[in-house]
Amino acid sequence: MIGSVLGGKYEILEEVGSDGIFFGFKAREKSSGKYFFIRTLVEGAGSQEFQFALNQVVESVQDVSHPNVERFKEFSTDDGGFLVSEWTAGTPLDVKLKRLSSLSVPLTVALGIELSEGLDALHSNRNIHGGICPAAVLSTAGEGAKLLLPGFWAAYSRSNKAA
């Protein structure tokens, strides 16, 4: 997959993780040179119904612009289906907790505030995250927090891999 181009415009640079539904990659948009996070669907996860549901979720959260909420650019059915979101350097909170075993009280409070502000932005736009857990939180390079995959719980019920 490294070196391939998705949708004719996103060059895959490196794999950055996976779960039961998606493989995650850092990519560069050929036209702008900007970096993006690409999630490709795991084989067997991309039924038409699930892809339709993913597209609906992406459209519903695209208007949410907040530094503590992952921002999506598009969902494409090209190349087996993939999601494109902004690139933010960081480590998923579940990985960080395994490495550190705990967080300091000031950092925990700061993360809680940032996540609450992100949730407020989602709720103000009539969206629900629906799946907050350490794997759905990115601990950013500046010790901040970003909610990942906002609203995707609604699409997961339509996937035979996630359900």
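Residues numbered from 1 in each chain as written. Predicted model: local features only at pLDDT ≥ 70, side-chain atom pairs only at ≥ 80, totals over all residues. Heavy atoms only, no water.

The tally for this structure, following the rule as stated, stands at five salt bridges. For the salt bridge of glutamate 70 with arginine 39, the shortest nitrogen-to-oxygen distance reads 2.8 Å. Pair noted here: glutamate 70 is in the loop between helix H1 (48-61) and strand E5 (72-76) and arginine 39 is in strand E4 (residues 35-41), with a separation of 31 residues, a long-range link. (Salt bridge = Lys/Arg side-chain N within 4 Å of Asp/Glu carboxyl O. Helix = DSSP H or I, 4+ residues; strand = E, 2+ residues; numbered from the N terminus.)

An order of E7-E8-E9 is seen for the three strands of this open sheet, with the pairing classed as antiparallel. With partners counted over all chains shown, the strands left at the sheet margins are strand E7 (90-92) and strand E9 (145-147), one partner each. When strand polarity is set aside, the average angle formed by the axes of neighbouring strands in this sheet is 30 degrees. Alignment of E7 against strand E8 (residues 137-140), held across three bridges, turns out to be antiparallel. Bridge pairing in E8 links glycine 90 to threonine 140. (Pairing = 2+ DSSP bridges. Axes fitted to C-alpha atoms, helices over the stretch in contact; angles between N-to-C directions.)

Attention now goes to the packing of aromatic side chains. Scanning the model with the defined rule gives four aromatic pairs in all. For the ring pair tyrosine 10 and phenylalanine 36, a centre distance of 5.9 Å and an interplane angle of 80 degrees mean the geometry is edge-to-face. Here the residue tyrosine 10 occupies a position in strand E2 (residues 10-18), and phenylalanine 36 occupies one in strand E4, the gap between them amounting to 26 residues. What links up through ring pairs into an aromatic cluster is the set Tyr10, Phe36 and Phe82. Of note, lysine 26 hangs over the ring of tyrosine 35, and the distance from its end group to the ring centre comes to 4.5 Å. (Phe/Tyr/Trp six-rings, centres within 6.5 Å; stacked < 30°, edge-to-face > 60°. Lys NZ or Arg CZ within 6 Å of the ring centre and 35° of its normal.)

A word on the pairing of E4. A large share of E4 lies buried, amounting to six of its seven residues. In textbook terms, the turn of a hairpin is the stretch between consecutive antiparallel strands, and for strand E3 (residues 22-29) and E4 this stretch comprises five residues, one of which, glycine 33, has a positive phi near 80 degrees. Pairing of E4 with strand E6 (residues 82-86), which is carried by five bridges, proceeds in the antiparallel orientation. Bridging across to E6, isoleucine 38 finds its partner in valine 84. (Buried < 20%, exposed > 50% of the residue type's maximum accessible area, 1.4 Å probe, protein only.)

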